[in-house]
Amino acid sequence: MSTIDLVILVVYVVGVTIFGMSFAREASTPAGFTAANRNLPGWLVGLSIFGTFLSSISFLALPGKAFTDGFAPFAFSLSLPLAAWAAVRWFAPLYRSTGDVSAYAYLERRFGLWARLYAMTCYLLTQVARTGTILYLVALALAPFTGWDVATLIVVTGVLVTAYTVIGGIEAVIWTDAVQSVVLTLGAVVSLLYLLFAAPVGPWEMVATAKEAGRFSLGSFAFDLTAAGFWTVFLYGLAINLQNFGVDQSYVQRYVTAASMADARRSIWLGGLLYLPVSALFLLIGALLYAWYAHAGGLPTDITPDKIFPMFIAAELPTGLVGIVLAALFSAALSSIDTSLNSSATILMSDVYLRFVRPDADDRATMRFLYGASL
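Bear in mind that the values here come from a model prediction, so they are computed numbers and not experimental data.

*Asks:* So, the overall build of the chain: which residues are in play, and what are the values?
*Replies:* When you go through the chain residue by residue, the secondary structure sums to 16 helices and 0 strands. Scaling as 2.2 N^0.38, a compact globule of 375 residues should have a C-alpha radius of gyration of about 21 Å, and the chain matches this with 21 Å. When its C-alpha atoms are laid out on the principal axes, the chain stretches across 70 × 50 × 35 Å. Across the 375 residues in the chain, those meeting the buried criterion constitute 54%. In the chain, once contacts between residues fewer than 6 apart in sequence are set aside, the share between residues at least 24 apart is 82%. Here the chain displays about 15300 Å² of accessible surface, and carbon together with sulfur accounts for 68% of that area. Looking at the chain, you have 19 positive and 21 negative side-chain charges, and the mean spots of the two groups are 11 Å apart.

Structure, rendered in structure tokens:
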């Protein structure tokens, strides 16, 4: 990794951390820490939702998947407009009308305490697993560039994202997610342009090679639920995205931060619809990576799909572009981890601390608990 690339990456990471910490005053009360005092604009919340959809999993796995299987995962993205419509029609009005910051307080009133505790536990376990996976993947990708081992990178990334999440609360999470989603998209666009115009052959020949190899295929359209064809992936995506918009604290909490119902609805449409072209962008990168290495002599036989894009970044991108793309990869990780940390702390506060331990806790005691839970 060149000095220029390292400077770009470090400046970005430090800048995001300082930017997130600048929201300390807004996060000094429980309402500010968990709901940003319910006054954020829809476009900002929408960019944050979009950033939550993306992660280092998307950044590495989607190009790797397209490299081997083509555009089949795009059926997942195509289910988003339907799920977003359901969220705009039912989920956002429901959760905003309750006044709760927890997605699961309503479940207790509707079905009983068991439902609230069951959903809360499943959510927390999912966030632990998801955060661990994302931290591992971003460390795995950055290790060859920085010379640091994977464990050290996991600790450093975790400390940085925890710092601004604890100090800045949900408003820091949403603002940094918005910035990170822009940086992430920029990194993907830079990679795509380089693949098209710096390839061993012309851009149209690159596209033709990928097309001939079936890398733009959406999979079989036969309705066979025993195979990962188009309809299976689409139905899976619909189920997962309805879960995200309907019962996932990471999304529901954002509806609450919006300044109005109109802003909440706007944020859902913006976040959901932005993911369609950007997920297609990452899949297109994977398809073109196949064409690149088909013309450049192939890949090592032992490489796994999720390492193909990092290998391309290391071996092919020129100085300067490497730093931009790595900053984008780091953005993808941070925008998912900070969300998990804040949302999980919010759930522990609302569904455990204030529900069972200290229902009469004042703001000062509640803030101490939120800081501790985040850490």
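*Asks:* Kindly report on the pattern of salt bridges, identifying the contributing residues and their values.
*Replies:* This model, assessed by the stated rule, comprises 7 salt bridges. Across the pair D69 and K65 runs a salt bridge, and its minimum N-O distance is 3.2 Å. A residue pair is termed a helical-turn pair when its members lie 3 or 4 positions apart in one helix, as D69 and K65 do in helix α4 (residues 56–69) at 4 residues. Under the relative-accessibility criterion, D69 is labelled partly exposed at 40%. Relative accessible area serves as the criterion here: at 40%, K65 is assigned to the partly exposed category. R254 is the salt-bridge partner of D177, the closest N and O atoms lying 3.0 Å from each other. Residue D177 is located in helix α9 (residues 150–197), and its partner R254 is located in helix α12 (residues 249–257); the two are separated by 77 residues in the primary sequence. Accessibility assignment for this pair places D177 and R254 in one class, buried.

*Asks:* Pulling in residues and values, what's your account of a nonpolar patch on the surface?
*Replies:* Judged by side-chain polarity, M1, L6, V10, V14 and I18 come together as a nonpolar surface patch covering roughly 410 Å² of accessible area. Looking at where V14 falls in the secondary structure, it is placed in helix α1 (residues 3–21). V14 sits in the partly exposed class, given a relative accessible area of 43%.

*Asks:* Kindly report on the side chain of T209, identifying the contributing residues and their values.
*Replies:* As for its position among the elements, T209 is in helix α10 (residues 203–212). Polar side-chain contacts of T209 include one of 2.8 Å to the side chain of H295. Excluding residues that lie within four positions of it along the chain, T209 makes contacts with Y290, A291, A294 and H295.

*Asks:* An account of helix α14 (residues 308–316) is needed here, citing residue identities and associated values.
*Replies:* Helical geometry: 3.6 residues make up each α-helical turn, so side chains three or four residues apart lie on a common side. Of the residues making up α14, those classed as buried are I308, F309, P310, F312 and I313. Those residues of α14 that are buried are in contact with α4, α8 (113–146), α9, α13 (261–296) and α15 (321–357).

*Asks:* Give a description of the environment of A178 that names residues and reports values.
*Replies:* With respect to the helices, strands and loops of the structure, A178 is situated in helix α9. A178 sits 77 residues away from V101 along the chain, and the two C-alpha atoms are 21 Å apart. Among all residues touching A178, those that are not within four sequence positions of it are L44 and L47.

*Asks:* How would you explain the packing of aromatic side chains if you had to name every residue and give the values?
*Replies:* A complete count under the given rule lists 25 aromatic pairs for this structure. Taken together through their ring pairs, the aromatic side chains of F19, F23, W43 and W175 make up a single cluster. Seen from the ring of F356, R355 lies directly overhead, with NZ or CZ sitting 5.0 Å from the centre.

*Asks:* An account of the environment of A35 is requested, with residue identities and associated values reported.
*Replies:* Along the chain, A35 falls in helix α2 (residues 30–35). Residues A35 and T257 lie 222 residues apart in sequence; the distance between their C-alpha atoms is 4.8 Å. Every residue in contact with A35, bar those within four places of it in the chain, is listed here: P30, V101, I170, V256 and T257.

*Asks:* An account of the packing of α13 against α14 is needed here, citing residue identities and associated values.
*Replies:* Across the interface, α13 lies against α14 with an axial gap of 11 Å and an inter-helix angle of 60°. Considering their axes alone, α13 and α14 lie oblique with respect to each other. Of the two possible hands of crossing, α13 and α14 adopt the one that is left-handed. Within the contact between the two elements, α13 uses I285, L289, W292 and Y293 and α14 uses I308, F309, M311, F312 and E316. Residue composition of the contact of α13 with α14, by class: 8 nonpolar, no polar and 1 charged.

*Asks:* Can you break down the packing of α8 against α9 residue by residue, with the values?
*Replies:* When two helices pack together, their arrangement is captured by the angle between the axes and the distance separating the axes. Contact geometry of α8 with α9 gives a least axis separation of 8 Å together with a crossing angle of 115°. In the packing of α8 onto α9, the handedness of the crossing is right-handed. In this structure, α8 contributes L135, Y136, A139, L140, L142, A143 and T146 to the contact, and α9 contributes V150, L153, I154, T157 and G158.

Cut-offs and rules
- Residues numbered from 1 in each chain as written.
- Predicted model: local features only at pLDDT ≥ 70, side-chain atom pairs only at ≥ 80, totals over all residues.
- Heavy atoms only, no water.
- Helix = DSSP H or I, 4+ residues; strand = E, 2+ residues; numbered from the N terminus.
- Rg over C-alpha atoms; globule rule 2.2 N^0.38 Å.
- Buried < 20%, exposed > 50% of the residue type's maximum accessible area, 1.4 Å probe, protein only.
- Contact = heavy atoms within 4.5 Å.
- Areas by Shrake-Rupley, 256 points an atom, 1.4 Å probe, with all protein chains shown as cover.
- Lys, Arg positive; Asp, Glu negative; His and termini not counted.
- Charge placed at Lys NZ, Arg CZ, Asp CG, Glu CD.
- Salt bridge = Lys/Arg side-chain N within 4 Å of Asp/Glu carboxyl O.
- Patch = residues over 30% accessible without salt bridge, like charges linked within 9 Å, V, L, I, M, F, W, Y side chains within 5 Å.
- Polar contact = N/O pair within 3.5 Å; in protein donor to acceptor, adjacent residues only side chain to side chain.
- Phe/Tyr/Trp six-rings, centres within 6.5 Å; stacked < 30°, edge-to-face > 60°.
- Lys NZ or Arg CZ within 6 Å of the ring centre and 35° of its normal.
- Axes fitted to C-alpha atoms, helices over the stretch in contact; angles between N-to-C directions.
- Parallel < 35°, antiparallel > 145°, perpendicular 65-115°, else oblique.
- Left-handed = near helix turned anticlockwise from the far one by under 90°.
- Nonpolar A, V, L, I, M, F, W, Y, C, P; charged D, E, K, R; others polar.

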